[in-house]
Structures are given as structure tokens and as C-alpha cells.
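Chain by chain, the residues run as shown.
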Amino acid sequence: MAHIIVVGNEKGGAGKSTVSMHVATALSRMGHNVGTLDLDLRQKTMGRYITNRRKMLETDKLDLPTPRYIELPEIDPDSLQPGENIYDHRLSAAVAALEPGSDFILIDCPGSHTRLSQVAHSLADTLITPLNDSFVDFDLLAHTDASGERIEGPSVYSEMVWNARQLRAQAGLPPIDWVVLRNRLGAQQMVNKAKMEKALDRLSKRIGFRVAPGFNERVIFRELFPRGLTLLDLKDIGVKQLNISNIAARQELRDLIKALQLPGVTVTF
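Criteria and cut-off values
- Residues numbered from 1 in each chain as written.
- Predicted model: local features only at pLDDT ≥ 70, side-chain atom pairs only at ≥ 80, totals over all residues.
- Heavy atoms only, no water.
- Pairing = 2+ DSSP bridges.
- Helix = DSSP H or I, 4+ residues; strand = E, 2+ residues; numbered from the N terminus.
- 1 Å grid on protein atoms, 1.4 Å probe; cavity = no way out; pocket = protein on both sides within 12 Å on 5 of 7 lines; lining within 4 Å.
- Points joined across faces, edges and corners; volume = space filled by probe spheres on them.
- Nonpolar A, V, L, I, M, F, W, Y, C, P; charged D, E, K, R; others polar.
- Phe/Tyr/Trp six-rings, centres within 6.5 Å; stacked < 30°, edge-to-face > 60°.
- Buried < 20%, exposed > 50% of the residue type's maximum accessible area, 1.4 Å probe, protein only.
- Salt bridge = Lys/Arg side-chain N within 4 Å of Asp/Glu carboxyl O.

The seven strands lie next to each other as β3-β2-β4-β1-β5-β8-β9, forming an open sheet whose pairing is parallel. Strands with a single pairing partner mark the edges of an open sheet, and in this sheet they are β3 (68-69) and β9 (210-213). When strand β2 (residues 34-38) meets β3, the two strands line up parallel, connected through two bridges. Bridging across to β3, Gly35 finds its partner in Arg68.

Here you go:
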């Protein structure tokens, strides 16, 4: 069976789609068959990325490893039994369509609470939660006191993950490996960074997740999107020498893939 990776966070602007694009493409470039779904049915950033990539490959006559992407299929409402949810059926049908031939299925969730996102979390073998290095974003996981040093209790997103874990346990499935990424880090605000590190360490022991490094804030990620490229594609499109920022970003991606500890994955870039 395919290993399901869900990238989720109910707050926008944390870099979910950037993480999704780079993880899916990195796995493809390492020889794995990767299927992808985008549950943000309005914006579809992940879907747009892969569409952009396929157009670029066709225009430039290139052959680069590319994740497979499909839309959620439509379901006839009349086919549902009383009480059944149409979004549950759309998601299960999409996963079933990707499962054959896929080593991994990556699901990019919207930055809001939706039925699709809730169900996707219960399917996750690995859950990746990108988090800006800010107590504004930390509040999604847990509430703290005014000093930011004492955790008062879990917040809405953590409670949703807990519910997803309960559903998996009831179904006899392995527990979710939850990885929180400290994403979009900046070079300044060292006091805030230290506070965030301590708070995440305390919370990880309390509610059960691993903390991993994400990406620093870099312009290159925004520049690559219109062509559907990632950092790993630059040399293939004729960039002979990477600058210091690009090299550092590649190392961040390498560290991220290693930290995920995905089954059967050996980092080869």
C-alpha cells in the first residue's frame, strides 16, 4: 500500500504548498512513484504547480520526474446512502485511483478547517505541519500564558489531530507520525526563536509530535512556482552554478527529507 503523507495546518501562509511541492518532487526525483491531491478546491496551489510543471516540460522539451496529480472525482449525490458525506466519497475515490503504482500519496490540505481536511488527517501515515516561527501560529497548536512559557492547553488543530489518531486506532491502523516543521525562519528575532524552540519542545512531549527544520524565507521559492520547478531542477534547466542561497535551500530540503524518516527513502541529492 502507498504511504500517505498529509501536509496540513489550518492557518494560511505557513508554507504548506511549498513544502508539498518540494517533498513530492524530491521523492519523484529519487525514483519513487508519487501521487498527489490538492484539497483546496478553490485555489489549488499544488495542482497549479504540477500543471505549470507539465506545461514547462512540454514547451522546453524536457523530461523531468514529475508527481502524478488528479482532481477529486465528482460523485453522484443520488448514489449516497442517508447520512453519507459526499466529500468522504470523493476523497476515498481519489486515493483509490492513485493507490495502484504509487509508493507515496501526498495530500495538500487547505489553510482552513474543512471536512476534506479532517478526513485526510485520519488517512495520514505521516503528517507534516509547517509552522511559522511565531506565537501567532503556535496558538493553533496550543494556548500559552502571556510570557509564552507556560502551556495552558491544546488548541483546535491539535484536537483535530487527536481525533484523527483516535479514528486510526479504532480502525487498527498504525499511529500517525506527526512532524511539525519550523518553517519560514528569519535571520533575526533570536529571542523569539529561543522561546519558540522551548515551547515546541515542551508541547511535543505533551501531545506527541516530532520537530524538524523547514525552509528559511527565500525569494527563490516564489520565483520557481510559475514554471513548476523546484531547487532540484535548476541544473537540468541550464543553471550551471548555484548561488549561496540556492545551495543553502537545497541543504534545507535534504535535511527535511531526512527528518521525515519515510519508509524506503534514502536521500540521494
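A few words now on the layout of surface pockets. In this structure, the largest pocket encloses a volume near 590 Å³. The wall of the largest pocket is formed by 32 residues, among which Gly15, Lys16, Ser17, Thr18 and Thr45 lie closest to the centre. Looking at the lining of the largest pocket, the elements that each hand over two or more residues are α1 (16-29), α2 (45-60) and α8 (219-224). Sort the elements by how many residues they give to the lining of the largest pocket and α1 lands first, with five residues. Counted by class, the lining of the largest pocket contains 11 nonpolar, 12 polar and nine charged residues.

This part takes up the packing of aromatic side chains. The geometry of two aromatic rings is summed up by the distance between their centres and the angle between their planes. Summed over all chains, the structure comprises four aromatic pairs. Aromatic side chains Trp178 and Phe209 sit 5.2 Å apart centroid to centroid with 65° between the ring planes, which places their arrangement in the edge-to-face category. Taken together, the residues span a long stretch of sequence, with Trp178 in strand β8 (residues 177-183) and Phe209 in the loop between α7 (190-207) and β9 at a distance of 31 residues. Comparing Trp178 with Phe209 shows no difference in burial state: the two are buried. One aromatic cluster is present, formed by Tyr157, Trp178 and Phe209 through successive ring pairs.

Moving on, we get to the pattern of salt bridges. On inspection of all chains with the given rule, the structure shows 13 salt bridges. Among the ionic pairs, Lys205 bridges to Asp201, the shortest N-O distance being 2.8 Å. Here the residue Lys205 and the residue Asp201 both occupy positions in helix α7, the gap between them amounting to four residues, near one helical turn. Judged by its relative accessible area of 63%, Lys205 is exposed. Of the residues examined, Asp201 reaches a relative accessible area of 39% and is grouped as partly exposed.

The next point concerns empty space enclosed by the protein. Across all of its chains, the model carries one cavity of 30 Å³ or more by this definition. Looking at the largest cavity, its volume works out to about 30 Å³. If you trace the largest cavity, you find it lined by Gln118, Ser122, Met160, Asn163, Ala164 and Leu167. Breaking the lining of the largest cavity down by element, the ones donating at least two residues are α4 (115-123) and α6 (156-170). Tallying contributions element by element places α6 first for the lining of the largest cavity, with four residues. Taken together, the residues of the lining of the largest cavity sort by class into three nonpolar, three polar and no charged.

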